[in-house]
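# Structural features, examined
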There are 2 protein chains.
Amino acid sequence: MQLFWHKGFHDTSLKDLERALEMHPGSIYATFGSKGQLFQEALERYAHLALVELERTLAAHESPLAGLAAYLRQLGGLRDQAVPSRACMLVKSLLELGEREKDAREKAEALLTTMEKRFIDSFAKAQQTGELDEELDPTRLGRRLQAEVMGLRSFAQRDVDSAAVHALADDMASSLEALRSSAH
Amino acid sequence: MQLFWHKGFHDTSLKDLERALEMHPGSIYATFGSKGQLFQEALERYAHLALVELERTLAAHESPLAGLAAYLRQLGGLRDQAVPSRACMLVKSLLELGEREKDAREKAEALLTTMEKRFIDSFAKAQQTGELDEELDPTRLGRRLQAEVMGLRSFAQRDVDSAAVHALADDMASSLEALRSSAH
């Protein structure tokens, strides 16, 4: 997962995989089927870990909006962490994979839909508890948040300083917090 | 440019380039130096066209904020257009290129900085004309806008319907318009 996340699908060679897995080519194919299938398993692992992280942050906050804002602020620390890439592996894959990697591409799409759904559910919950105004649309808010996370993580992949990423995450989190209904 | 934008750097083969340029391998290397150098020329061409498009939209509006909002709404039509990729070629490159393609990566970084600077300048101009409150930071607003454009275009690369992309662009544009000083 770390190797594919770092190098992407096309630039990861069989030699790279042999080294990372400490396996011979024959065993790699016998175990995982193909490079594409192994990549899909890596995508699933990545999305699972990302979802666990999101759930943990949401569970630590009673208010869904506060939880989502905290999630954004956590991402603001991306440049201070030793990660294979600051960009999201699902987005990297979405942007990199072509027609020939249709299965892996559809896997990345499905996993992004899962994340989007989790965001939408949080906004819907905020609406049920009166934290969010009735007339706002949880689906639009969820998609907006996903696009912001995509943008924040891509921005963090640039050669910018850590403070700029923190400031950006903070601005996005503040906009989210400003959605809190004044009646709440 | 269209080929590299569509397939990315690594998945574009010499065969693909031969077909697209109608040139023999020897002539390609003699003319452009290397695949990496040709890719850099494609990046420059892409950024030039993107900047011309942005300038045209900004010039069509007297207010900088209205111009930037119109630019976002234009991007909302991405799924209705026949483009090599809905994602930005600079962002695709930023996410795809590794250490071995350092020069092209730095080129993509520099071109993203140019776009960011143009956004920041627009916010600064809006401040000079009193359209934007004095206490807001044009640099932070410019970076936020760049991250939103990155996110919007990556989101549009997903298998979503056109209306969802229009709605997302509209929500981002509305937030931008809401920055307009009430005193203006």
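Quick note: structure is the one above.
A brief report on the enclosed structure follows. (Residues numbered from 1 in each chain as written. Chains lettered and ligands numbered in written order. Predicted model: local features only at pLDDT ≥ 70, side-chain atom pairs only at ≥ 80, totals over all residues.)

## Digging into the relation of the copies chain A and chain B
Mapping chain A onto chain B leaves a residual RMSD of 0.0 Å; the transformation is a rotation of 180° accompanied by 0.0 Å of translation along its axis. Viewed as a symmetry operation, the transformation between the two copies matches a two-fold axis. Looking at the rotation axis and the C-alpha trace of chain A, the residue lying nearest is Gly-151 of chain A, at 2.0 Å. A symmetric contact is evident, with 100% of the interface residues of chain A recurring at the interface of chain B. (Least-squares fit on C-alpha atoms with pLDDT ≥ 70 in both. Contact = placed C-beta atoms within 7 Å.)

## Here we look at helix 9 (residues 162–177) of chain B
The end-to-end C-alpha distance of helix 9 of chain B, which contains 16 residues, comes to 22 Å, matching closely the 22 Å that a straight helix rising 1.5 Å per residue would cover. Restricting attention to buried positions, one finds in helix 9 of chain B the residues Val-165, Leu-168, Ala-169, Asp-171, Met-172, Ala-173 and Leu-176 of chain B. Buried positions along helix 9 of chain B lie against helix 8 (138–157) of chain A together with helix 5 (64–75) and helix 8 (138–157) of chain B. (Helix = DSSP H or I, 4+ residues; strand = E, 2+ residues; numbered from the N terminus. Expected span 1.5 Å × (residues − 1). Buried ≥ 20, exposed ≤ 12 C-beta atoms within 10 Å, placed from the backbone.)

## Some points on the interface of chain A and chain B
Between chain A and chain B, the contact holds 32 residues from the first and 32 residues from the second. Within the residue set of the side of chain A that touches chain B, elements represented by two or more residues are helix 1 (2–11), helix 6 (89–96), helix 7 (102–128), helix 8 and helix 9 (162–177) of chain A. Among the elements that make up the side of chain A that touches chain B, the one with the highest residue count is helix 8 of chain A (12 residues). The residue makeup of the side of chain A that touches chain B, split by class, is 12 nonpolar, eight polar and 12 charged. (Nonpolar A, V, L, I, M, F, W, Y, C, P; charged D, E, K, R; others polar.)

Any functional reading would require information beyond the geometric quantities listed.
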